[in-house]
Every structure is written in structure tokens, then in C-alpha cells.
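# Tertiary structure, described
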Amino acid sequence: MIKTRLLRMLKNGTRYVVLQVVWQWLGLIAQIIIVGCIARTLSGAYYHKLTTKQLLIYIGVVLFSVVARIIFDRLYTEASFEASVDVKSVIREKIYSKLLRLGSGYRKYVSSAQITQMMGEGVEQLEVYFGKYISQFVYALLAPFTLFLFLFQYNIKVSLVLLVAVPLIPMVIMIVMKVARKLLDKYFKIYYGLGDTFLEKLHGMTTLKIYGADGQAADEMDEESENFRRITMKVLSMQLNSTIIMDVIAYAGAAVGIGVTLNEFAAGGMKLSEAIMFLLLSAEFFLPMRLLGSYFHIGMNGMKAADKIFDFLDIKEPAHGKVVLDGKSYDIALRNTAFSYDKERVLDNININIPTGKLISIVGVSGSGKSTIAGILRRQFKGYEGSITIGGRELKDINEDSLMSAITAVSYNSFIFPGTVRDNLLLGNGKCSDKKLTNALKIMNLLEELKPLGGLDLQLKEGGSNLSGGQRQRLALARALLKNSPIYIFDESTSNIDVESEEIIMKVIRKLSKDMGKTIILISHRLANVVSSDSIFMLEAGNIVEQGTHSQLMVNKGSYAKLFTAQHRLENYAGGES
Ligand SMILES: Nc1ncnc2c1ncn2[C@@H]1O[C@H](COP(=O)(O)OP(=O)(O)OP(=O)(O)O)[C@@H](O)[C@H]1O
Ligand SMILES: [Mg+2]
């Protein structure tokens, strides 16, 4: 019922739990003292045996114990709070660093919605589990024994009756747990599923609207939400029912205790002060267990959340190598490289040489495998066959950080974060001065356009939606320039943007290789962009069918020449029309 792994994972885990139990237990001792004083006062008053001195002592002790109790309660709350803070920061940190270790291909293992839910609600549930449930679990075992040890000296029979009745509550908990486990499994499955669907539909809202499919999507969401509502109600009613049963046991147990006490007292087996003490303390036997019962559902949720988090943390990480690139050479070489996503080969027998500082292009029809090559080089897709080396070192063996700082990829839909233009640029290189950032904007012809809107301080909306497509893409390139990595991959970086932006971007890409010695891999549908490349590789169904410079390929009159001529004609035709 307690996840020891969770305790071990936390910095001060056990310490906070022990502290919570100790403060609760000292509170109970104070309570026993208060009850003892009240019992003696009442009994003394009843038999007219109470002296003023005794009365004053009892009042003094009660006041002192009440203050002590308040202090212990407060210390308990503080320890509980510290435990919650500990669990939140430690677990979020663990999830985050696991994500980093899984690297750019993390989606293969877990969906973004699951990560969001785990980081948010999952961790919140652990907070209560850890801040309240675990200590209550230990205290609920400790309290009845403490009371028993104190009371059995007065009357062993009543003390035993009370002690024996207490385990009925955990027995109910065990039974409920069996049912609850299955129900909660189902609950979490539906809950995560709903999160996934919701996120997908939200992302695709515009598309759904364009195709008039938003109504159908809403119906599907309704159905899933209804399923979720039903399972939530089931979980809630299971929780309520079990709470009622536990209440009945707790109060019936206390009532039996009270009954036996009165019986003993009537038979003369007990003094009045002792009877009062039993009457006032009998409920205390059950209250901690009863409270554990009500935390128990939180505990179950917490344990489920912990299971999900552990499953995630236990995902086997792809073995990343340790080799750090030495920076002398960034030659890239693919030798007989093959790759399959599933069973079918998507790339076969690929041989490409890219000497440091050269610009090569990969072209081919849609689905021929261009982005797959880019993805493999960035290790977004793992498990290639044959060999791929960067600077002479096998890609598999290269350390993740070293690889990430060596390669910058700019795709057609670069991610712009909400925040200022400056925040987005600093992602490229956190150490840049405003002057350098402004210069990067200038290179991309963005400075004049963004200045009236706020320049570096312009607040960008989610996905950079308050910029035009071309501006967004030029900003992404400015960010990439600031990173100043030796290798750049541009995968359709100029797709779907205005001609002016495309020209600016292409000019900068050429400059990166010619003037700055960067190694460039350019993937483009538009063959006019690849004309000046040092070498062009034509892909067809995962095979390189032609390679050479533009003029060589044109002389060959193969697939490339045909595609180029067709595109050229089409563009001239469109240009003539306009
Ligand atoms: N994540 C994936 N899982 C399974 N198959 C994939 C995946 N990504 C791509 N494929 C398949 O691999 C093949 C090559 O895809 P790839 O994206 O490399 O093509 P591409 O040349 O970049 O095409 P495009 O010009 O349309 O971008 C296609 O048949 C595609 O269906
Ligand atoms: Mg592609």
C-alpha cells in the first residue's frame, strides 16, 4: 500500500513522513493527557473530592496540552507541506530529465498529452498521496496501539474489544482496493485517451472547420466525454459507498466500546474517572483509520499515478554513445545505409559523401525518403543499417549533446514559442547580446518589419500566429543562425512561404556554406533552389538513382533533368500568365 520506490526517490522523503507521524503521535499523547485531566476533574467533582489546588493543576495541564496540540498540528501541516513540495519538484525534474534523455524521438514512447497530464495532474495526485496518505497509513497503525497501551492498565476487556474492532476498517479497504484497482485502470485509460483526442482535435481545429468535420469531431468528443463522465461517476460512487461502510464500522466500533464500558461500569468493574476516559477515547481508536479510509482513494489515485510515472521513467533509453565530436572535421558519410520504420525498407543502399563546408541537396518526389535521411542524421529515427559517420565517428556512438550542438535542423514548420522575439532568438544561443540578436534579424530582413511592432520585445502568440508564414520562417532561421552549429539541415524550409522570404532564406543558406564554411544538407521540392549545390542526390523510392552537379545531371538527361525542365516550364508558364 506504500510505494517505497517513491520514498527512496525523494530527497528528504522518509524524513518528512517520520516527522508527520511524530507530530501526529505527540498530538495524540496531548489528547490523552487532556482526556485524563477532564475525566479526573469530572469524577472528582461528582464525588465532591476535588480540591481547588487539584482543579488548578488540571486546568493548567489541559491548557498546556491544548497549546502543545495546536503546535503539533501546525508542525504536522508544515511537514506535510514540505513533503508535497519535495515530491512535486523532484518528480517533475525526473520526468523532465527523462524526456531529455529520450531525446528528440520521445513521441515514439509517449504522447504529448500523456506528458502534460503526467506533469500536471499526475504529480498533483502524488502530492496528496505523499503529503497526507503515507504518514496517515503509519499513524493509523500506531494510534490504536498507543491508546491500547495506555488504557489496558485500567480495563483490559474494553481495551481489547476496541483494539480488535479497528482492523475491520483496513479489511474493508482491502476488499474495496481489489474492485478499485480494475476500475481505476479503466478510469485512467479513458482519461488519458480523452486527453489525447482533445489535444489532437484542438491542434487540428482549423482543418476540421475547413472540411466541415468539426461537428463530427464534437460528437466524438461528446461520446468520449460521456464515457469519462460515466466512469468518473462509477469511481465516485465506489468511493462514497466504501466511505459509508467505513463510517458504519468506525461508529459502530466506538458504540460497542461505549456499550461495553457502561456495562463494566454498571457491574462495578471500573471507576467513574476510568469510564469517562474510555467514553471519550473510544472514538479515537477508529478516527485515524477512518481518516486513512478517506485518504485511501487519494492514495489509490496517487499509486496509479506513480505507476504511470514509473512506467515512463522505466522506458528503456536508447543507448547513446559517449563519443564527443572533436570539432576538427564534420564530414558526413553514409555507407550502404538502409532504414525501415516498420517492416518495409524506406531507404536502401544509400551512399552519400558530404565534405565539411559543402552544400549538398537531396531531391526526389514525395515519399522518396528525403526527410527520413534528415531524421536519421538528427537521430530522430533510430536503428539504421550500414554505416553513417560524422567527422569519422559512427553516428550511433556520438553523445547526444555533442550531436545536438553539431546539427541544426530547420523544417517547413519551425516551432515558435509564445514569448518575445528575444526569448525565441535566445533559444538559439542564450549568451547573445541584444546587438547580436538584432544583427541576426537584420540578416533575415526582419529588423525593419518587426521594429514598428516592438522589435526584440514583440510578444509572439502561440505558434507565432501574429507573424506571417514567411516572417515566422525567417525568424526560425535567425534563431538557427545564432546557434552557429557546423552542420545545418534545411528540410523544405522555404515551402509555403512568399517568394521574397524564400529568396532571402535561400541567399542566407548559400552564404552559410560559401562564406562561413558550414556543411549544409538542403532538401527542396523546388529544383531552382538546388541549382548551385556542390552535389545533388536524386532519390527514388528510397534509392539514389542519380548524383552530380546540376549541369552534370542536366547533361545526363535522366529523372532530375526531366523534373527540372517540367518545373521550369511550369514556373515560366505561371510567370507569363501573371
Ligand atoms: N514516422 C513514420 N512511420 C512510418 N513510416 C513513415 C514515417 N515517416 C515516413 N514514413 C514513410 O517513409 C517513406 C519516406 O517518407 P519521407 O518522409 O522520408 O519522404 P519525403 O521524401 O520526405 O517526402 P516529402 O517530399 O513528401 O516530404 C514514405 O513512404 C512514408 O510513408
Ligand atoms: Mg519530407
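What counts, and where the lines are drawn
Every chain begins its residue count from 1, and numbering advances along the sequence as written. Both sets of labels track the order of writing: A upward for chains, 1 upward for ligands. A pLDDT threshold of at least 70 governs which residues receive local features in this predicted model, and a stricter bar of 80 or more applies before side-chain atom pairs are shown or counted, although totals over entire chains, interfaces and linings include all residues. With hydrogens and water excluded, all non-hydrogen atoms of the structure serve as input to the side-chain values. Helix numbers and strand numbers start at the N terminus; a helix is a DSSP run of H or I with at least 4 residues, a strand a run of E with at least 2. The atom set for the radius of gyration is the C-alpha atoms, and the globule formula is 2.2 Å times the number of residues raised to the power 0.38. For every residue, the accessible area (1.4 Å probe, protein chains only) is compared with the maximum for its type, and the residue is labelled buried under 20%, exposed over 50%, or partly exposed between those bounds. Contacts between residues were defined by any pair of non-hydrogen atoms, one from each residue, lying within 4.5 Å. Where accessible areas are quoted, they stem from the Shrake-Rupley method and a 1.4 Å probe; at the residue level, only the protein chains shown are allowed to cover. Charge counting treats Lys and Arg as positive and Asp and Glu as negative, with His and both chain ends excluded. In plain terms, the charge of a residue is placed at NZ if it is Lys, CZ if Arg, CG if Asp and CD if Glu. In this analysis, axes come from line fits to C-alpha atoms, helices being fitted only over the stretch in contact, and the angle between any two N-to-C directions falls in the range 0 to 180 degrees. When describing relative orientation, an angle under 35 degrees is termed roughly parallel and one over 145 degrees roughly antiparallel, while 65 to 115 degrees is termed roughly perpendicular and anything else oblique. Throughout this entry, Asp, Glu, Lys and Arg are counted as charged residues, while Ala, Val, Leu, Ile, Met, Phe, Trp, Tyr, Cys and Pro are counted as nonpolar. The remaining residues, Gly among them, count as polar. Among buried residues, the Ala, Val, Leu, Ile, Met, Phe, Trp, Tyr and Cys ones that are joined through side-chain atoms within 4.5 Å form a nonpolar core. Within this document, salt bridges are pairs made up of a side-chain nitrogen of Lys or Arg and a carboxyl oxygen of Asp or Glu, the two lying within 4 Å of each other. Strand pairing follows a simple DSSP-based rule, namely that at least 2 bridges must link the two strands. Rotating anticlockwise by less than a right angle from the far helix to the near helix defines a left-handed crossing, while the corresponding clockwise rotation defines a right-handed one. Being near a molecule or strand, for a residue, means having at least one of its heavy atoms within 4 Å of it. Contacts described as polar in this section are N or O atom pairs within 3.5 Å, which, within protein, must combine one atom able to donate a hydrogen with one able to accept it, while residues neighboring in sequence count only if both atoms come from side chains. Think of a 1 Å grid over just the protein atoms. A cavity is a set of points where a 1.4 Å probe fits yet cannot get out, a pocket is an open set with protein on both sides within 12 Å along at least five of seven lines, and lining residues have an atom within 4 Å of a point. Grid points are joined across faces, edges and corners, and a volume is the space filled by probe spheres set on the points. Read the arc as the range of directions from the helix axis to the C-beta atoms.

### A few points about the overall build of the protein chain
- Along its length, the protein chain carries 18 helices and 12 strands.
- Taken over the C-alpha trace, the protein chain has a radius of gyration of 35 Å; the compact-globule value for 578 residues is 25 Å, which it surpasses by more than 25%.
- In terms of principal-axis extent, the alpha carbons of the protein chain reach across some 120 × 45 × 45 Å.
- Here the protein chain holds 578 residues, and 47% of them are scored as buried.
- The contacts in the protein chain between residues at least 6 apart in sequence include a share of 76% that link residues at least 24 apart.
- A total of about 29700 Å² of accessible surface is found on the protein chain, and carbon and sulfur atoms cover 60% of it.
- Counting 66 positive and 54 negative side-chain charges, the protein chain places the centres of these two groups 6 Å from one another.

### Some thoughts on the environment of Asp401
- Structurally, the position occupied by Asp401 is in helix H11 (residues 400-406).
- Of the residues examined, Asp401 reaches a relative accessible area of 59% and is grouped as exposed.
- Sequence spacing of Asp401 and Lys271 is 130 residues, and the spatial spacing of their C-alpha atoms is 77 Å.

### Some words on the packing of helix H5 (residues 156-165) against helix H8 (residues 214-266)
- Following both chains from N to C, one finds H5 and H8 inclined at 170°, their axes separated by 9 Å at the closest point. When the axis of H5 is compared with that of H8, the two are roughly antiparallel. Of the residues in H8, those touching H5 at Lys157, Val158, Val161 and Leu162 are Gly253, Val256, Gly257, Val260, Thr261 and Glu264.
- Considering only residue class, the contact of H5 with H8 consists of five nonpolar, three polar and two charged.

### Digging into the nonpolar core
- Ranked by size, the top nonpolar core spans 84 residues in total, and within it Ile91, Phe130, Tyr133, Phe285, Phe286 and Phe312 carry the most contacts.
- Within the residue set of this core, elements represented by two or more residues are helix H1 (4-9), helix H2 (13-46), helix H3 (52-102), helix H4 (112-151), H5, helix H6 (168-203), H8 and helix H9 (272-313).
- Counting residues per element, this core draws most heavily on H9, at 19 residues.
- Here Phe286 is in contact with Leu162, Ala165, Val166, Ile169, Ala250, Gly253 and Ala254, once residues within four sequence places are set aside.
- Of all hydrophobic cores here, the second largest spans 42 residues; its members include Val421, Met444, Tyr488 and Ile520.

### Comments concerning the pattern of salt bridges
- For the structure shown, the criterion picks out 20 salt bridges.
- Here Asp185 ties to Lys304 by a salt bridge, and the two come within 2.9 Å at their closest N and O atoms. Here Asp185, found in helix H6, pairs with Lys304, found in helix H9; they are 119 residues apart in sequence, far enough to count as distant.
- Assessed through its relative accessible area of 41%, Asp185 is described here as partly exposed.
- When salt bridges with common partners are traced through the structure, they connect Lys88, Arg92, Glu124 and Glu127 into a single cluster.

### Comments concerning the sheet that holds strand S4 (residues 385-390)
- What the four strands build is an open sheet, ordered S2-S1-S4-S5; its pairing is antiparallel. Edge positions in the sheet fall to strand S2 (345-354) and strand S5 (393-394), since each has one partner strand and no second.
- Alignment of strand S1 (residues 332-340) against S2, held across six bridges, turns out to be antiparallel. For Ala333, the partnering residue across the bridge sits in S2 and is Asn353.

### As for the packing of H2 against H9
- Remark: H2 packs on H9, axes separated minimally by 8 Å, with the N-to-C direction vectors making an angle of 145°. Note on packing geometry: the crossing formed by H2 with H9 is right-handed. Residue-level inspection shows Leu28, Gln31, Val35, Gly36, Ile38, Ala39, Arg40, Leu42, Ser43 and Tyr46 of H2 in contact with H9, the latter providing Leu272, Ser273, Ile276, Met277, Leu280, Leu281 and Glu284.

### Thoughts on the site of ligand 1
- The environment of ligand 1 is made up of Tyr341, Val346, Val365, Ser366, Gly367, Ser368, Gly369, Lys370, Ser371, Thr372 and His525.
- Here Ser366 contributes a side-chain N or O atom positioned 2.6 Å from an oxygen atom of ligand 1.
- Between Gly367 and ligand 1, the recorded distance is 2.8 Å, taken from a backbone N or O atom to an oxygen atom.
- Relative to its free-state accessible area of 630 Å², ligand 1 is covered by the protein chains to the extent of 58%.
- Counting residues per element, the shell around ligand 1 draws most heavily on helix H10 (residues 370-377), which supplies three residues.

### A word on the side chain of Ser387
- Inspection of the secondary structure assignment puts Ser387 in strand S4.
- A polar atom in the side chain of Ser387 sits 3.1 Å from the side chain of Glu394.
- With sequence-adjacent residues up to four places away left out, Ser387 is seen in contact with Ala333, Leu334, Arg335, Thr337 and Glu394.

### Topic: empty space enclosed by the protein
- By the definition in use, this model includes three cavities of 30 Å³ or more.
- If you trace the largest cavity, you find it lined by Leu527, Ala528, Phe564, Gln567, His568 and Glu571.
- Its residues assigned to classes, the lining of the largest cavity comprises three nonpolar, two polar and one charged.

### Observations regarding H5
- By the burial criterion, the buried members of H5 are Val158, Ser159, Leu162, Leu163 and Ala165. Each buried residue of H5 lies within a common arc of 165° when the element is viewed along its axis, so the set occupies one face.
- Packing partners of the buried residues in H5 comprise H4, H6, H8 and H9.
- Where H5 begins, the capping side chain belongs to Asn155, and its oxygen is found 3.0 Å from the backbone nitrogen of Lys157.

### A look at unusual backbone geometry
- The residue Glu492 is not glycine, and still its phi comes out positive at about 50°.
- If you trace the backbone, Glu492 turns up in the loop between strand S9 (487-491) and helix H16 (499-514).
- Non-glycine residue Ala541 carries a positive phi angle of around 45°.
- With respect to the element layout, Ala541 can be found in the loop between strand S11 (535-540) and strand S12 (543-548).

### Looking at the sheet that holds strand S3 (residues 359-364)
- One open sheet accounts for six strands, arranged S6-S9-S10-S3-S11-S12; its pairing is mixed. At either margin of the open sheet sits one strand with a lone partner, and together these are strand S6 (407-410) and S12. Looking at each pair of strands side by side, their axes are set apart by 20° on average, direction ignored.
- Where H16 meets the sheet, it contacts S3, S9 and strand S10 (519-523), and its direction lies at approximately 150° from that of S10.

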